[in-house]
Amino acid sequence: MMLKVDSTRQGAWTVLHVRGELDLVSSPVVRQHVHEAVAVGHRDLVLDLSEVLFCDSSGVGVLVAARRLLRSCQGRLRLILPAHGAEEGSHVNRVLAALGVRRLFEVYAEVGSATDDAAQPLSA
């Protein structure tokens, strides 16, 4: 399945809606979208991964690199990883937890809460 990334704005936040498989072949596309957003001055970024069906270590690497990039420019990164769906949550959530990096990210169940500065992230 091909990866598709759409970008929208919601208030101060840039939301990248990612759909498909996040793997060695497709992860550079997400990296490019993150870098393009930062290059034009968007420092508050939400990666909506609710429709990512598969994620391998290269996909996780892109997420960790995006976090590092945004922190370096005083930006914020939030992930959408819904708790419902395919057997006990999203595939990406399970992969991040299995690799022990889930706690590095602010995770929300949907875009509305991720772009609301008063909302609390989901617990790791």
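Heads up: the structure comes first, above all this text.
Treat the numbers as computed from the prediction; the structure is a model and nothing was measured.

About the thresholds
- Residues numbered from 1 in each chain as written.
- Predicted model: local features only at pLDDT ≥ 70, side-chain atom pairs only at ≥ 80, totals over all residues.
- Heavy atoms only, no water.
- Salt bridge = Lys/Arg side-chain N within 4 Å of Asp/Glu carboxyl O.
- Helix = DSSP H or I, 4+ residues; strand = E, 2+ residues; numbered from the N terminus.
- Buried < 20%, exposed > 50% of the residue type's maximum accessible area, 1.4 Å probe, protein only.
- Pairing = 2+ DSSP bridges.
- Axes fitted to C-alpha atoms, helices over the stretch in contact; angles between N-to-C directions.
- Contact = heavy atoms within 4.5 Å.
- Expected span 1.5 Å × (residues − 1).

**Description of the pattern of salt bridges**
Opposite charge on two side chains lets them pair, provided their charged atoms get close. Evaluation of the coordinates by the stated rule reveals 6 salt bridges. One salt bridge connects D6 with R19, and the closest N-O pair in it is separated by 2.6 Å. Taken together, the positions of D6 in strand β1 (residues 4-10) and R19 in strand β2 (residues 13-22) put the pair 13 residues apart, joining distant regions of the chain. With a relative accessible area of 26%, D6 lands in the partly exposed category. The salt bridge partner of D44 is R76, with a shortest N-O separation of 3.0 Å.

**Description of unusual backbone geometry**
Phi at Q74 is positive, roughly 55°, even though this residue is not glycine. Mapped onto the fold, Q74 is located in the loop between α2 (57-72) and β4 (76-80).

**Structural notes on the sheet that holds β1**
Strand order in the open sheet formed by 5 strands is β1-β2-β3-β4-β5, and the pairing between neighbours is mixed. With one partner strand each, in any of the chains shown, β1 and β5 (106-108) form the two edges of the open sheet. Going across the sheet, the axis of each strand differs from the next one's by a mean of 25°, ignoring polarity. Helix α3 (residues 91-98) rests against β3 (44-55) and β4 of the sheet, and its axis sits at about 95° to β3.

**Let's talk about α2**
Spanning 16 residues, α2 covers 22 Å between terminal C-alpha atoms, matching the ideal 22 Å at 1.5 Å per step. Residues of α2 that are buried include every one of S58, G59, V60, V62, L63, A65, A66 and L70, and no others. Q74, located one to two residues past α2, shows a positive phi value of around 55°.

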